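Geometric and topological summary
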Amino acid sequence: MNLTASCPVPPSSPAADEQPLITAEDARIVLQHYGHPASGPDRTSTFRGRVVALIAEADAANRLALYRSYPPLVAAVQLARTSPTGIDTLHAIAQTVR
């Protein structure tokens, strides 16, 4: 009888069909971090706002570690940083009904 168990190594990035859902609040926090106007109060000094700042400054290994706990925030930061339409997409998400 085998009493050992193995745990698969987590992927370095999510599969395309497993992308985390970026909420309107997550989009607003990321937009505010990058200096773009977003409706609602400034959330950059909140806990999640500070996490966004950490994600934005993190190297790949640390960003992966943060992804494990905050996948939507990492996805939103990556969208803002790497997509030519990322900021526009985040604005559209931020406008969704709360």
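Please refer to the structure higher up on the page.
Quick notes on the rules
Residues numbered from 1 in each chain as written. Predicted model: local features only at pLDDT ≥ 70, side-chain atom pairs only at ≥ 80, totals over all residues. Heavy atoms only, no water. Helix = DSSP H or I, 4+ residues; strand = E, 2+ residues; numbered from the N terminus. Buried < 20%, exposed > 50% of the residue type's maximum accessible area, 1.4 Å probe, protein only. Contact = heavy atoms within 4.5 Å. Areas by Shrake-Rupley, 256 points an atom, 1.4 Å probe, with all protein chains shown as cover. Core = buried A, V, L, I, M, F, W, Y, C linked by side-chain atoms within 4.5 Å. Phe/Tyr/Trp six-rings, centres within 6.5 Å; stacked < 30°, edge-to-face > 60°. Arc of directions from axis to C-beta. Polar contact = N/O pair within 3.5 Å; in protein donor to acceptor, adjacent residues only side chain to side chain. Salt bridge = Lys/Arg side-chain N within 4 Å of Asp/Glu carboxyl O.

Description of the overall build of the protein
Along the backbone of the protein there are 5 helices and 0 strands. For the protein, the α and β elements follow one another from N to C terminus as α-α-α-α-α. In the protein, buried positions account for 31% of the 98 residues. Within the protein, contacts between residues at least 6 apart in sequence are counted, and of these 51% link residues at least 24 apart. Element-wise, carbon and sulfur atoms account for 58% of the exposed surface of the protein, whose accessible area totals about 6,400 Å².

Focus: the nonpolar core
By size, the foremost hydrophobic cluster in this structure holds 21 residues, and its most contacted members are Ile 22, Ala 27, Val 30, Val 52, Ile 55, Val 77 and Leu 90. No other element matches the 6 residues that helix H4 (residues 71-82) contributes to this core. Excluding anything up to four places from it in sequence, Val 30 contacts Val 52, Leu 73, Ala 76, Val 77, Ala 80 and Leu 90.

Things to note about the packing of aromatic side chains
With the rule as written, the count across this model stands at 1 aromatic pair. With a centroid separation of 6.4 Å and an interplanar angle of 55°, the aromatic rings of Phe 47 and Tyr 70 are classed as tilted. Of this pair, Phe 47 sits in helix H2 (residues 47-57) while Tyr 70 is found in the loop between helix H3 (60-69) and H4, placing the two residues 23 residues apart along the sequence. In this structure Phe 47 comes out as exposed when scored by relative accessible area, which is 55%.

Considerations on helix H5 (residues 86-94)
It helps to recall that an α-helix has 3.6 residues per turn; residues three or four apart then point in one direction. Turning to H5, its buried residues are Gly 86, Ile 87, Leu 90, Ile 93 and Ala 94. Buried residues in H5, looked at end-on, bunch into an arc of 120°, giving them a common side. Summarising the contacts, the buried residues of H5 are in contact with helix H1 (24-33) and H4.

As for the environment of Arg 48
Tracing the backbone through its elements, the reader meets Arg 48 in helix H2. Along the chain, Arg 48 and Leu 73 lie 25 residues apart, while their C-alpha atoms are 8.4 Å from each other. At 2.7 Å, the side chain of Arg 48 and the side chain of Asp 26 are in polar contact.

Focus on the pattern of salt bridges
Taken as a whole and assessed by the stated rule, the structure comprises 3 salt bridges. In this structure, Arg 28 and Glu 25 form a salt bridge, with 3.3 Å as the shortest nitrogen-oxygen distance. With a gap of 3 residues between them, Arg 28 and Glu 25 both fall in helix H1, about one helical turn apart. Of the charged contacts in the structure, one is a salt bridge between Asp 26 and Arg 48, with a shortest N-O distance of 2.7 Å. Of this pair, Asp 26 sits in helix H1 while Arg 48 sits in helix H2; the two residues are 22 residues apart in sequence, bridging distant segments of the chain. Look at the salt bridges and you will find they share partners, linking Glu 25, Arg 28 and Arg 43 into a network.

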